[in-house]
Number of protein chains: 2
Amino acid sequence: MSKKLVYSFGSGKAEGDASMKDLLGGKGANLAEMSRLGIPVPAGFTITTEVCTHFMKNRGDYPESLENQVHTALSKTEKTMGQKFGDPDNPLLLSVRSGARISMPGMMETVLNIGLTQKTLTGLIAKSGSERFVYDAYRRLIMMYSDVVMEKSAGINPGEGKGIRNLLELEMQKLKDSRGVKDDTELDAADLKKLVKIFKTKVEKVLKKPFPDDAHEQLWGAISAVFKSWNGKRAISYRRIESIPDEWGTAVNIQAMVFGNLGENSATGVAFTRDPATGENRFYGEFLVNAQGEDVVAGTRTPQAINRVSKNETSKHLPTLEDLMPDLYNQLEKIRIKLEKHYHDMQDIEFTIQDGNLFMLQTRTGKRNGAAAVRIAVEMCQEGLINQNEAIKRVQPHQLDELLHPMLDPKSEKAAEILAKGLPAGPGGGVGQIVFSADDAETWKSKGHSVILVRDETSPEDIHGMRVAEAILTAKGGMTSHAALVARGWGKCCIVGCDTLDINYSKKTLDVKGKTLKEGDWISLNGTRGIVYSNKISLLPEDPEKNSYYKKLMAWADKKRRLKIRTNADNPKDSRQARQFGAEGIGLCRTEHMFFGPDRISAMREMILADNEEGRKRALKKLLPFQRKDFMGIFKAMDGLPVTIRTLDPPLHEFLPNDTASQKEIAESTGVSYQAIKTKVQLLHELNPMLGHRGCRLGITYPEITAMQARAIMEAACRSAKKGIKVYPEIMIPLVGTKEELENQRLLVEKTIEEVQEKEGIKVKTLIGTMIEIPRAALTADEIATVSDFFSFGTNDLTQMTFGYSRDDAGKFLPEYLEKKILPDDPFQTLDQTGVGQLVSMGIEKGRKARSSLKVGICGEHGGDPQSVVFCHKVKMDYVSCSPFRVPIARFAAAHAALDEQ
Amino acid sequence: MSKKLVYSFGSGKAEGDASMKDLLGGKGANLAEMSRLGIPVPAGFTITTEVCTHFMKNRGDYPESLENQVHTALSKTEKTMGQKFGDPDNPLLLSVRSGARISMPGMMETVLNIGLTQKTLTGLIAKSGSERFVYDAYRRLIMMYSDVVMEKSAGINPGEGKGIRNLLELEMQKLKDSRGVKDDTELDAADLKKLVKIFKTKVEKVLKKPFPDDAHEQLWGAISAVFKSWNGKRAISYRRIESIPDEWGTAVNIQAMVFGNLGENSATGVAFTRDPATGENRFYGEFLVNAQGEDVVAGTRTPQAINRVSKNETSKHLPTLEDLMPDLYNQLEKIRIKLEKHYHDMQDIEFTIQDGNLFMLQTRTGKRNGAAAVRIAVEMCQEGLINQNEAIKRVQPHQLDELLHPMLDPKSEKAAEILAKGLPAGPGGGVGQIVFSADDAETWKSKGHSVILVRDETSPEDIHGMRVAEAILTAKGGMTSHAALVARGWGKCCIVGCDTLDINYSKKTLDVKGKTLKEGDWISLNGTRGIVYSNKISLLPEDPEKNSYYKKLMAWADKKRRLKIRTNADNPKDSRQARQFGAEGIGLCRTEHMFFGPDRISAMREMILADNEEGRKRALKKLLPFQRKDFMGIFKAMDGLPVTIRTLDPPLHEFLPNDTASQKEIAESTGVSYQAIKTKVQLLHELNPMLGHRGCRLGITYPEITAMQARAIMEAACRSAKKGIKVYPEIMIPLVGTKEELENQRLLVEKTIEEVQEKEGIKVKTLIGTMIEIPRAALTADEIATVSDFFSFGTNDLTQMTFGYSRDDAGKFLPEYLEKKILPDDPFQTLDQTGVGQLVSMGIEKGRKARSSLKVGICGEHGGDPQSVVFCHKVKMDYVSCSPFRVPIARFAAAHAALDEQ
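Residues numbered from 1 in each chain as written. Chains lettered and ligands numbered in written order. Predicted model: local features only at pLDDT ≥ 70, side-chain atom pairs only at ≥ 80, totals over all residues. Heavy atoms only, no water.

Caption draft 1: Molecular detail of the relation of the copies chain A and chain B. When chain A is fitted to chain B, the best match, at an RMSD of 0.4 Å, comes from turning it 179° and sliding it 0.4 Å along the axis. Here the two chains are linked by the operation of a two-fold rotation axis. When the interface residues of chain A are mapped onto chain B, 100% of them again fall at the interface, so both copies present the same face. (Least-squares fit on C-alpha atoms with pLDDT ≥ 70 in both. Contact = heavy atoms within 4.5 Å.)

Take a look at the structure:
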């Protein structure tokens with residue numbers, strides 16, 4: 001027996017089922033499945049993807065037995081539908097559609113109304129009772145077929161605007177003009193009959209071939225055209241982008257046509273089994289009476305709601321399907337229940353009512369937004385449709401983002417004018433009036449305005465303005481620029497590197513694409529996507545704690561996960577915020593951020609400008625109380641939880657300004673000569689600061705800095721402990737590449753700890769560990785672990801060094817790398833498991849071998865990226881740490897990871 | 001029986017031997033060995049290092065049986081010497097010396113003349129016949145003993161300049177002043193007798209204890225002091241620096257005193273068994289009649305040559321030992337032969353003639369310079385003393401450096417004034433007159449002057465001046481600065497980063513440490529050590545090819561090695577030079593160096609400034625013939641050998657100047673507006689250029705660059721092949737971190753190769769491979785190898801990224817890291833086997849697993865570092881590549897590696 005190449009479905013039976021997507025494509029498999037479920041679908045059959053593969057390999061040849069198998073399947077369809085393909089009296093019309101394993105929307109071809117010929121016309125007119133309907137179907141067939149089959153699939157490329165479809169549309173327009181009508185629907189049967197004639201003449205003239213008047217010739221032409229469209233230009237480039245293998249091929253679905261436009265007893269519609277915007281468990285959809293599917297989408301007629309709850313502003317006064325055809329609505333409602341029971345998920349369905357008969361054309365998993373996803377998952381679990389594990393897996397971690405930040409109202413956003421695009425540095429939406437300086441931001445804000453701070457770049461001096469702004473927008477800088485880092489830490493909306501902006505600070509104007517905006521003008525930012533709009537868009541506020549579905553789902557998720565989730569926070573406010581989001585400690589407290597306050601930066605600069613250790617110690621003494629106070633606030637906020645504090649990391653030149661004016665200002669305030677400051681700045685200048693004198697390299701050449709910081713941490717810890725706060729300090733040395741570096745700093749820290757504890761008269765258990773952020777540290781983790789209580793993978797720097805990419809400069813080639821698929825993802829967003837991940841696994845393995853009690857975590861940006869969290873789980877980290885607003889996402893991703901493992 | 005703690009030697013016998021260095025220390029073991037050989041050494045015994053360990057563990061206690069064993073050994077010594085310790089009539093005097101496993105020169109204590117007391121004085125006077133000699137010995141004993149034993153080892157710290165030794169010296173000075181004499185030798189017996197009395201009083205007064213007048217008390221005091229000196233401050237810090245374990249301990253050597261100052265029949269000297277300066281096989285040494293060992297070193301008297309050939313300017317008129325004591329000289333000559341026969345190496349010996357009796361005090365392997373080392377090794381092999389393998393291993397690879405570059409005459413250098421110190425960027429010596437610009441260099445040179453080009457930094461515009469200069473000196477820049485790279489490539493003497501230089505270009509002066517030098521002043525540079533001298537020092541020219549010993553040794557070595565040695569060369573001249581040095585191909589031809597010529601840089605800049613691909617292609621077309629010509633020259637020079645050519649590596653901004661004047665100049669010459677150039681420079685600016693848009697990242701974003709280079713290489717290869725030259729081109733893509741990058745470039749190169757071969761009508765087998773210089777490349781070498789014919793490890797960049805050190809900036813902390821022993825070596829000089837080496841091994845292993853035919857080499861600076869070459873051998877590379885002048889060193893190191901393996 002020859003191989004089965006064709007699978008029939010219809011009348012409550014089917015040869016295929018939903019599991020056969022590889023062979024039948026998604027659409028074909030689901031049609032078969034619905035048919036098996038007894039749901040009414042127009043009968044038909046699917047030609048398998050294997051035929052496509054054969055067709056491509058053999059330059060358009062079909063397997064030998066195909067014709068016979070199609071013939072047999074067609075007979076079955078005819079029997080089921082009680083019609084006959086090509087029959088003059090009772091003709092069956094067919095649709096021919098593509099359907100790959102994965103949906104490739106609009107990338108391949110479709111031909112409808114196959115089977116209409118001079119011979120079958122009259123039979124169909126008699127049957128349908130509408131000459132106009134039939135000629136309308138016929139002219140549609142000619143347009144589609146001549147385009148798809150006779151022109152495109154024949155490899156004819158007539159040039160822009162000269163395609164046969166365009167030419168026919170011009171003819172139709174000509175006819176409408178001569179008849180003085182505007183809409184296609186105003187053409188009557190006689191007009192369309194005439195049009196069909198005009199079309200046929202035109203087709204033959206242009207394509208040098210008559211339009212085929214044989215039903216079977218039409219069918220095979222359409223099948224071949226659909227197969228060929230698999231290798232169309234659009235489809236190929238789509239597959240490249242989506243990494244879909246060429247050899248998958250497409251199936252072809254041949255199905256009896258049903259018409260929603262056979263009169264007032266016919267209709268067509270789309271629906272969701274639950275509300276995709278809110279997730280509420282209610283049937284939600286739209287339909288049109290006497291219409292074809294494309295009319296619902298086209299927007300020429302206002303769709304009606306299928307029921308009362310689906311009504312909106314435009315449809316509120318129109319009758320619903322429930323009103324008009326209550327029986328059919330009930331039938332549809334039953335199908336809805338059946339589909340959800342069967343698929344255990346919310347479905348997106350298409351249906352057609354032909355002369356009082358309901359047909360389902362498609363069902364697939366419905367798209368939904370984050371909030372809806374959460375509610376549907378929780379409610380389906382409560383309804384017993386899915387279990388808790390499934391409920392958790394139904395929601396993608398990144399979908400929670402929508403629940404954590406105010407968002408631009410998607411509907412208004414769709415209609416808004418895009419002003420510019422930049423890098424999405426801080427998620428959520430931000431709406432406000434433009435200001436160009438931090439001081440102006442404060443002034444406007446104090447008067448009750450909402451402001452957006454727009455700068456070329458931001459610097460530590462702008463912090464007060466950034467705080468009060470609704471959002472931050474910069475023309476320069478990358479994802480690690482000052483603005484991006486600060487905004488992410490605060491969970492504030494921010495777009496950076498928006499390089500089409502031309503800011504004039506003195507005029508307080510902003511030129512962009514020939515448009516000039518001025519101070520006080522409203523703009524809106526979508527920080528999740530990096531888009532700036534030139535008007536005021538309403539915001540949808542969100543407080544996840546008020547969302548009971550979110551809380552329930554997170555509670556379920558927390559029970560599943562093994563990973564602890566900590567946060568990156570540098571001050572008490574962020575620490576409290578993160579704790580509310582569920583953080584179980586601090587994984588990274590960057591002490592340098594504490595030096596940028598105006599009262600602190602001057603002492604910091606005094607330290608840097610000092611000529612000798614004595615001078616540095618004097619300046620550091622001034623910084624100590626500030627640091628101690630910050631640490632006490634943080635310990636209090638994290639009472640009972642571990643707090644990892646990193647010693648000074650950035651190169652010293654980051655604390656001195658580069659421009660003459662600021663240098664002179666410092667000269668005045670510090671009493672150090674301008675020349676000396678200038679010289680110091682030159683001396684500190686580095687060609688590659690990323691690889692320069694920073695991290696523990698500073699602590700080793702200036703041990704007094706580490707000593708001061710260790711003292712501030714321990715004094716804060718001891719004094720907090722005496723107040724009854726449970727403190728678990730972990731002191732972390734950055735940028736270690738050799739065991740000796742950590743040993744050097746560890747000895748220094750231990751000595752300081754002992755001194756402070758002696759003086760304070762209390763002991764506080766303190767861990768001393770290191771960042772693993774230099775490739776060499778991972779490679780020699782076995783040595784380093786002998787002097788380290790914990791490892792925290794700094795995957796930002798580790799990625800920079802492992803790839804040899806400067807995050808600040810990679811913008812020059814990374815976008816092209818992603819486009820050309822040289823990289824699958826931006827390695828700074830999603831951890832590169834193949835390369836960087838090897839170092840991480842190696843580091844953990846070697847580290848734990850040398851010290852079994854080693855605590856291991858991650859504190860790079862990747863700690864908040866779901867894919868990367870899954871990796872951290874796999875390599876058996878103890879915790880991940882991320883910015884406060886990513887904590888829920890990380891918690892949820894950790895649960896996914898644990899479930900994936902099962 | 002209790003453990004043996006004491007080992008005797010003397011009179012042709014010994015209980016120990018040379019193999020027992022761990023137990024007896026180096027000195028003790030060699031004394032025993034000489035004694036066994038029948039060489040006359042003063043009899044004595046060694047207390048083992050185990051006693052030291054015990055002594056340290058037990059706070060100064062000795063093992064129980066030590067006293068008895070010392071007693072027994074002392075009896076033997078007395079018997080051998082025919083004298084008795086503490087005996088009034090025939091007293092034996094002893095020396096007590098430290099002696100660790102490894103020589104720690106001057107770090108521990110020595111006490112001489114032990115056993116001199118009021119009781120033994122007279123006997124010794126009678127025996128020696130010289131009252132003056134005995135009192136002189138006595139006052140030396142008191143000085144040494146009170147200092148070492150009574151003060152230091154008692155833990156007394158009297159403060160700077162207040163030590164007992166100083167006080168006694170003041171007393172001696174007082175006496176000399178009162179006697180109106182200058183030298184110690186002018187004091188007569190009566191003076192010294194008086195001095196002894198003064199000394200004893202002073203010692204008792206200051207140290208509150210009388211000077212011990214009992215021989216045995218003196219002996220045990222001295223032994224204890226020597227043991228204690230193992231834990232002296234100096235010794236401890238020396239051990240830290242040299243990584244000598246504390247638990248090794250020192251042995252103590254107690255030996256009969258012999259005196260070279262007993263009159264005209266006595267003498268003392270030092271000698272080498274061969275000439276340590278030339279390696280010639282002739283006895284070479286100096287001596288003094290009637291003197292003690294320290295007198296030969298002190299330089300107060302002019303030493304005499306032991307024989308005619310040892311004579312120099314100062315000793316040429318003085319009689320030799322051969323003249324004065326022919327029998328003893330003959331005896332010494334016989335010992336010389338015996339020692340060489342026994343130790344199979346050139347020895348550095350100390351001897352004393354006491355009243356006509358020859359005693360050997362020490363023998364050890366003699367230090368020698370490079371040329372001598374080579375000659376000695378070859379001649380000893382020819383004499384049958386050692387085999388070829390041993391001959392090779394006798395010469396350290398780095399010693400060959402001295403044979404490859406002209407050197408400053410070491411004798412003149414010793415006397416010269418050091419002007420400044422910098423980084424040793426190019427080895428050898430350079431002597432010339434200062435010029436401050438490349439143009440001046442050319443002008444002066446054309447007038448017959450030798451010049452040294454002195455600049456803050458050099459740039460590609462200075463190339464013509466750098467070429468003609470004898471040496472290059474810069475105030476700024478590190479070991480990878482432009483000057484350093486160029487100089488190393490040329491084997492030219494160069495010192496960079498000499499930051500005490502203050503250059504005034506307009507005045508044409510150079511200020512350094514308050515001194516001002518002007519154009520035309522002579523300076524001399526030692527590029528091997530990084531020292532600048534403020535005068536003209538003579539040069540010792542070297543041409544290794546004229547050195548038959550060198551040639552012979554290299555020929556032997558070449559037979560042993562497995563590694564191939566290639567060179568890094570960018571032009572035909574260097575290629576020829578390298579081939580003369582024995583290079584077996586080119587491992588790295590950096591094409592960017594070819595773009596810096598004045599005729600090329602403008603086309604290069606045109607390419608960079610072009611707005612679109614068309615413009616770039618136009619400019620590249622101009623560069624193509626230059627590149628092709630260079631390649632043809634290189635292929636010719638390397639006829640029959642492989643040539644690896646790397647496509648463009650540096651970021652484009654390196655080809656555009658930063659200063660306004662030069663930018664304006666370019667504007668004029670290219671016709672591009674100054675503003676456009678300025679904007680381009682700003683656009684190309686990078687925060688971390690090391691990690692920026694360079695290497696294959698350029699070739700991917702600008703495929704036309706790679707295409708032009710591949711075309712130039714292939715056209716050159718095809719046309720050379722047609723001329724009968726055997727070409728083996730290997731095209732190398734730099735900075736690859738992902739397989740996809742290499743795949744992208746490989747496809748492009750392959751396409752170009754096919755096109756060119758088609759056009760030229762000839763096929764040339766070409767390999768396409770990559771640098772492994774990014775950690776990720778090593779980590780994913782298995783993937784990359786699937787599209788790579790060869791790997792070349794770029795360990796410069798690999799070290800930068802694995803450590804996270806920018807080589808240009810690391811100067812801010814590396815010196816301190818080396819000093820604090822946080823790093824054992826500069827990882828840019830010697831490959832870090834622990835960290836970077838792991839990536840290298842991993843890369844090779846993974847790469848070969850994926851492609852067994854994978855060719856593997858190294859082309860970083862490490863390819864010329866002997867230790868690193870050994871590593872490359874161990875990890876089974878096929879070749880190393882280094883700069884031309886390092887080729888012989890690499891060849892030799894490769895032989896060492898192969899021999900080490902056996």
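The rest of the description comes next.
Caption draft 2: Examining the pattern of salt bridges more closely. Scanning the model with the defined rule gives 132 salt bridges over all chains in all. Notably, a salt bridge pairs lysine 855 of chain A with glutamate 730 of chain A, separated by 2.6 Å at the nearest N-O pair. Here glutamate 730 of chain A lies in strand E30 (residues 728-733) and lysine 855 of chain A lies in strand E33 (residues 855-858), a separation of 125 residues in the sequence. As a salt-bridge pair, arginine 561 of chain B and glutamate 584 of chain B come within 2.9 Å of each other at their nearest N and O atoms. (Salt bridge = Lys/Arg side-chain N within 4 Å of Asp/Glu carboxyl O. Helix = DSSP H or I, 4+ residues; strand = E, 2+ residues; numbered from the N terminus.)

Caption draft 3: Spotlight on the pairing of strand E19 (residues 471-474) of chain B. Residues and elements named next belong to chain B. Taking every second residue as pointing to the same face, both faces of E19 are buried, with Ala471 and Leu473 on one and Ile472 and Thr474 on the other. Two strands pair when backbone bridges link them, and strand E18 (residues 451-455) and E19 are joined in this way by four bridges, in the parallel orientation. Opposite arginine 455, over in E19, you have threonine 474 as the bridge partner. With helix H18 (residues 463-468) bridging E18 and the parallel E19, this β-α-β connection has right-handed handedness. Pairing of E19 with strand E20 (residues 493-496), which is carried by three bridges, proceeds in the parallel orientation. Residue pairing in the sheet places alanine 471 in a bridge with cysteine 493 of E20. (Buried < 20%, exposed > 50% of the residue type's maximum accessible area, 1.4 Å probe, protein only. Pairing = 2+ DSSP bridges. Right-handed = clockwise from strand over helix to strand, strands pointing away.)

Caption draft 4: Examining the side chain of glutamine 218 of chain A more closely. Residue placement: glutamine 218 of chain A occurs in helix H8 (residues 215-229). For glutamine 218 of chain A, the contacting residues outside a window of four places in its chain are Ile114, Gly115, Leu116, Thr117, Leu141, Tyr145, Phe211 and Pro212 of chain A.

Caption draft 5: Spotlight on helix H4 (residues 118-128) of chain B. All names here are of chain B. Among the residues of H4, Thr120, Leu121, Gly123, Leu124 and Ile125 are the ones counted as buried. Those residues of H4 that are buried lie in contact with strand E5 (91-92) and helix H5 (131-151). Where H4 terminates, the next one or two residues include glycine 129, which has phi positive at roughly 75°.

Caption draft 6: Molecular detail of the pairing of strand E18 (residues 451-455) of chain A. Residue and element names in this part refer to chain A. The buried count for E18 comes to five of five residues, which makes it a mostly enclosed element. Side chains Val451, Leu453 and Arg455 project from E18 onto one buried face, and the interleaved Ile452 and Val454 project onto a second face that is buried too. Pairing between strand E17 (residues 429-435) and E18: three bridges, direction parallel. Bridge pairing links isoleucine 434 to isoleucine 452 in E18. Note that the unit made of E17, helix H17 (residues 438-446) and E18 has a crossover that is right-handed.

Caption draft 7: Broad picture of the sheet that holds strand E3 (residues 44-47) of chain B. Residues and elements named next belong to chain B. Taken together, the six strands give an open sheet; going across it, the order is E2-E1-E3-E8-E6-E7, and neighbouring strands pair in antiparallel fashion. The sheet is open, and its two edges are formed by strand E2 (13-14) and strand E7 (110-114), each paired on a single side. In the sheet, strand E1 (residues 6-10) pairs with E2 via two bridges, with the strands oriented antiparallel. Pairing of phenylalanine 9 across the sheet is with alanine 14, part of E2.

Caption draft 8: Main features of the packing of aromatic side chains. Tallied over the entire structure, the rule returns 30 aromatic pairs over all chains. With a centroid separation of 6.1 Å and an interplanar angle of 50°, the aromatic rings of tyrosine 62 of chain B and phenylalanine 227 of chain B are classed as tilted. Taken together, the positions of tyrosine 62 of chain B in the loop between helix H2 (49-57) and helix H3 (66-81) and phenylalanine 227 of chain B in helix H8 (residues 215-229) put the pair 165 residues apart, joining distant regions of the chain. Of the residues examined, tyrosine 62 of chain B reaches a relative accessible area of 23% and is grouped as partly exposed. Its relative accessible area of 1% is what places phenylalanine 227 of chain B among the buried residues. Measuring from centroid to centroid gives 6.3 Å for phenylalanine 595 of chain B and phenylalanine 655 of chain B, while their planes differ by 70°, and the two rings are edge-to-face. Taken together, the residues phenylalanine 595 of chain B in the loop between strand E28 (586-590) and helix H22 (598-609) and phenylalanine 655 of chain B in the loop between strand E29 (642-646) and helix H24 (660-670) connect sequence positions 60 residues apart. Comparing phenylalanine 595 of chain B with phenylalanine 655 of chain B shows no difference in burial state: the two are buried. The structure contains a cluster of three or more aromatic residues connected by ring pairs, namely Phe55, Tyr62, Trp220 and Phe227 of chain A. The ring centre of tryptophan 230 of chain B lies 3.8 Å from the NZ or CZ of arginine 239 of chain B, which sits over that ring. (Phe/Tyr/Trp six-rings, centres within 6.5 Å; stacked < 30°, edge-to-face > 60°. Lys NZ or Arg CZ within 6 Å of the ring centre and 35° of its normal.)

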